[in-house]
Amino acid sequence: MNDRKDKVDSYSLETLKALAEVAQDEYQRECWRQEVLEKKAVNLLGFSGVMTTISASIGAFLLGKDILRPEYINIFEILFFGSVTFLAVSAIISLAVIRLQKYRTMLLDTIVTENNMGASKELTYYSMAMIYRELVLGNKEKEIVGDKAVNNHKAKILKASFWFLSIALVLIILEALAMVMGTF
């Protein structure tokens with residue numbers, strides 16, 4: 001407690017207020033970013049799922065009928081299974097972004113404790129800034145991963161899912177070309 005008191009005494013009240021506001025803004029920004037990433041993942045999951053269904057239905061229909069010329073069947077099968085596989089992998093990776101996980105939130109009880117009830121405004125603002133900072137950046141000593149690191153990881157996973165989807169769409173276009181060439 002004295003260590004915190006010494007740190008607080010070296011700053012003015014305005015400086016501590018600004019520090020707490022910056023930390024709170026960063027925390028709110030990461031919460032917003034997390035929401036945006038999860039919405040993108042849901043959209044990517046839905047699109048991948050719809051495309052998987054359409055591609056699988058059309059491919060199964062064409063492979064079940066003898067519509068394609070024999071020299072195009074092998075090419076079509078490779079493109080068909082490749083596109084469905086890449087679409088399914090994209091959907092599964094998107095699920096990894098939106099999986100259920102425990103999120104830490106800022107509660108008033110973490111600041112207003114028995115020890116802090118009689119604390120000065122300066123100490124309260126300092127405590128608030130440190131709590132927000134720990135939520136955003138984490139704490140290596142306590143082995144807590146911050147929201148920023150979690151969101152960065154989600155963004156990387158989402159990029160991978162997008163690349164799998166892009167490859168699948170290219171394969172679908174090639175599959176359509178093989179289908180057109182194989183039926184005429």
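Up top is the structure these notes are about.
Cut-offs used in this document
Within each chain, residues carry numbers counting from 1 in the order of the written sequence. For this predicted model, a pLDDT threshold of at least 70 governs which residues receive local features, and a threshold of 80 or more governs which side-chain atom pairs are given and counted, while totals over whole chains, interfaces and linings are taken from all residues. As a convention, hydrogens and water are excluded, and side-chain values are obtained from all of the structure's heavy atoms. By the criteria applied, helices consist of DSSP H or I runs no shorter than four residues and strands consist of E runs no shorter than two, each listed in order from the N terminus. Residue contacts are defined here by distance: any two heavy atoms, one from each residue, within 4.5 Å place the two residues in contact. Reported accessibility uses the Shrake-Rupley method at a 1.4 Å probe radius. Residues are deemed covered only where the shown protein chains occlude them. What qualifies as a polar contact is a pair of N or O atoms within 3.5 Å, subject to a donor-acceptor requirement within protein and to the restriction that residues adjacent in sequence count only when both atoms come from side chains. Exposure above 30% relative accessible area and no salt bridge define the residues that can form patches, which grow by joining like charges within 9 Å and nonpolar side chains of Val, Leu, Ile, Met, Phe, Trp and Tyr within 5 Å. Criterion for a salt bridge: a side-chain nitrogen of Lys or Arg within 4 Å of a carboxyl oxygen of Asp or Glu. Only buried residues count toward a nonpolar core. Its members are Ala, Val, Leu, Ile, Met, Phe, Trp, Tyr and Cys residues joined through side-chain atoms within 4.5 Å. Accessible area is worked out with a 1.4 Å probe on protein chains only. A residue is then buried under 20% of its type maximum, exposed over 50%, and partly exposed in between. What counts as a ring pair is set by centres within 6.5 Å for rings of Phe, Tyr and Trp (its six-membered ring), and what kind of pair is set by the plane angle: stacked under 30 degrees, edge-to-face over 60, tilted for all other angles.

> Report on the overall build of the protein, specifying residues and quantitative values.
Scanning the protein for helices and strands turns up 6 helices and 2 strands. The secondary structure elements of the protein, listed N-terminal to C-terminal, are α-α-α-α-α-β-β-α. Put simply, of all contacts in the protein between residues at least 6 apart along the chain, 84% involve residues at least 24 apart. Summing over all exposed atoms, the protein offers an accessible surface of approximately 11800 Å²; the carbon and sulfur share of this is 64%.

> Give a detailed account of the environment of serine 166, specifying residues and quantitative values.
Position of serine 166 among the secondary structure elements: in helix α6 (residues 147–183). Along the chain, serine 166 and serine 90 lie 76 residues apart, while their C-alpha atoms are 9.2 Å from each other.

> A description of the side chain of serine 161 should follow, citing residues and the corresponding values.
Among the secondary structure elements, serine 161 is positioned in helix α6. A polar contact is formed between the side chain of serine 161 and the side chain of serine 94, at a distance of 2.8 Å. If we skip the residues at most four places from it in the chain, serine 161 touches Leu44, Ser90, Ile93 and Ser94.

> Tell me about a nonpolar patch on the surface, and please be specific about residues and values.
On the surface, Val170, Ile173, Leu174, Leu177 and Met181 cluster together to form a nonpolar patch covering roughly 470 Å² of accessible area. Within the secondary structure, leucine 174 sits in helix α6.

> Now, about the nonpolar core: what can you tell me, with residues and values included?
By size, the foremost hydrophobic cluster in this structure holds 13 residues, and its most contacted members are Leu87, Val97 and Leu158. Elements with a minimum of two residues in this core: α2 (13–64), α3 (70–98) and α6. For this core, the element with the highest residue contribution is α6, accounting for 6 residues. Sequence-distant contacts of leucine 87, that is, excluding residues within four places in its chain, are made with Ser48, Met51, Thr52, Ser55, Leu165, Ala168 and Ile172. Residues Leu62, Leu68, Phe76 and Val84 belong to the second largest nonpolar core, which totals 5 residues.

> Break down the packing of aromatic side chains for me, with residues and values.
Under the counting rule described, the total for this entry stands at 4 aromatic pairs. When the centroid spacing of 5.6 Å and the interplanar angle of 35° are considered together, the rings of phenylalanine 86 and phenylalanine 164 count as tilted. Residue phenylalanine 86 is found in helix α3, and its partner phenylalanine 164 is found in helix α6; the two are separated by 78 residues along the sequence. Residue class for phenylalanine 86 comes out partly exposed when judged on its relative accessible area of 26%. Taking relative accessible area as the criterion, phenylalanine 164 reaches 27% and is therefore assigned partly exposed. Put simply, the rings of Phe76, Phe80 and Phe81 touch in pairs and so form one group of aromatic residues.

> Mind laying out the environment of phenylalanine 76, listing which residues take part and the relevant values?
Tracing the chain through its elements places phenylalanine 76 in helix α3. Taking the C-alpha atoms as reference points, phenylalanine 76 and isoleucine 172, separated by 96 residues in sequence, lie 9.9 Å from one another.

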